[in-house]
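Listed below are the residues making up each chain.
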Amino acid sequence: METLGGPGAMIATVLDSVFPPIPSELILPLAGFTAHRGGMTLWAAIGWSTLGSLIGALLLYWAGAALGRARLTSVARRIPLVDVHDIDRAFAWFERHGRTVTFFGRMVPMVRSMVSVPAGVERMPLVLFCLLTTAGSLVWNSALIVGGYALGTQWSRIERWAGWFQHALVAFFVVLVARWVWQRLGARRADRRDA
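The rules behind the values
- Residues numbered from 1 in each chain as written.
- Predicted model: local features only at pLDDT ≥ 70, side-chain atom pairs only at ≥ 80, totals over all residues.
- Heavy atoms only, no water.
- Helix = DSSP H or I, 4+ residues; strand = E, 2+ residues; numbered from the N terminus.
- Areas by Shrake-Rupley, 256 points an atom, 1.4 Å probe, with all protein chains shown as cover.
- Buried < 20%, exposed > 50% of the residue type's maximum accessible area, 1.4 Å probe, protein only.
- Expected span 1.5 Å × (residues − 1).
- Phe/Tyr/Trp six-rings, centres within 6.5 Å; stacked < 30°, edge-to-face > 60°.
- Polar contact = N/O pair within 3.5 Å; in protein donor to acceptor, adjacent residues only side chain to side chain.
- Contact = heavy atoms within 4.5 Å.

1. A look at the overall build of the protein chain
Helix and strand counts for the protein chain come out as eight helices and zero strands. Going from N to C terminus, the protein chain has its helices and strands arranged as α-α-α-α-α-α-α-α. Total accessible area on the protein chain is roughly 11,000 Å²; 68% of this is exposed by carbon and sulfur atoms.

Structure follows, in structure tokens:
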């Protein structure tokens, strides 16, 4: 970002969108700090990073569209403990709540990247997908970039705060997944007993 300015922020957020282990909670405050030091303007940092979020989301959207529901269901059949009916229910849920998930999902770690795939599979209208993704990304990116800008050399404090938030969300999802696995194993045991 020091070398490339705004385009560097865009490249970093494209990578963050496509590869969830790269944390926006680190990249975005650093973009704000770079703007604070004069490497780019605050508006450029927000604009370029939001463009990068949209590009990364579109890559995953098109991957979901290329895979399609049938292939995704076929892959799910091979994953242990996954019931294809759960995949169908997830898609039905996305059909009902896809707009909300696409907007708010941009502010949730890991969900931020993955929400684009079902949007592509379900062929959410591209203009609507772009608008919701841009709006959600703009809120999240602006908050972290402005925080990094305001804190200046103390920008790493945001990373710590956002890290706690991310850990809490990850723990919540781990509990949900553990509960789901427990229920799935219990259902299989009950099926064996009945058989």
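2. What about the side chain of serine 53?
Looking at the secondary structure, you find serine 53 in helix H3 (residues 42–77). In this structure serine 53 comes out as buried when scored by relative accessible area, which is 7%.

3. Brief notes about helix H7 (residues 126–151)
Compared with the 38 Å implied by 1.5 Å per residue over 26 residues, the 37 Å span of H7 between its first and last C-alpha is a close match. Looking one or two residues past H7, glycine 152 carries a phi angle of roughly 60°, positive in sign.

4. Points about the packing of aromatic side chains
A full pass over the atoms with the stated rule returns two aromatic pairs. Measuring from centroid to centroid gives 4.7 Å for tyrosine 61 and phenylalanine 129, while their planes differ by 35°, and the two rings are tilted. Here tyrosine 61 is found in helix H3, whereas its partner phenylalanine 129 is found in helix H7, with 68 residues between them in sequence. Exposure class is identical for tyrosine 61 and phenylalanine 129. Each is buried. Ring plane angle 85° and centroid distance 4.7 Å describe the contact between phenylalanine 103 and phenylalanine 104, whose orientation is recorded as edge-to-face.

5. Examining unusual backbone geometry
Located in the positive-phi region is arginine 123, a residue other than glycine, with phi close to 55°. Take arginine 123: it is sitting in the loop between helix H6 (116–121) and H7. For arginine 123, a relative accessible area of 56% puts it in the exposed group.

6. Quick notes on the side chain of serine 142
As for its placement among the helices and strands, serine 142 is situated in helix H7. Accessibility expressed as a relative area gives 19% for serine 142, which makes it buried. Polar side-chain contacts of serine 142 include one of 2.6 Å to the backbone oxygen of leucine 138. Setting aside its immediate chain neighbours within four residues, serine 142 contacts Ile46, Ser137 and Gly147.

What is shown is where atoms sit, not what they do.
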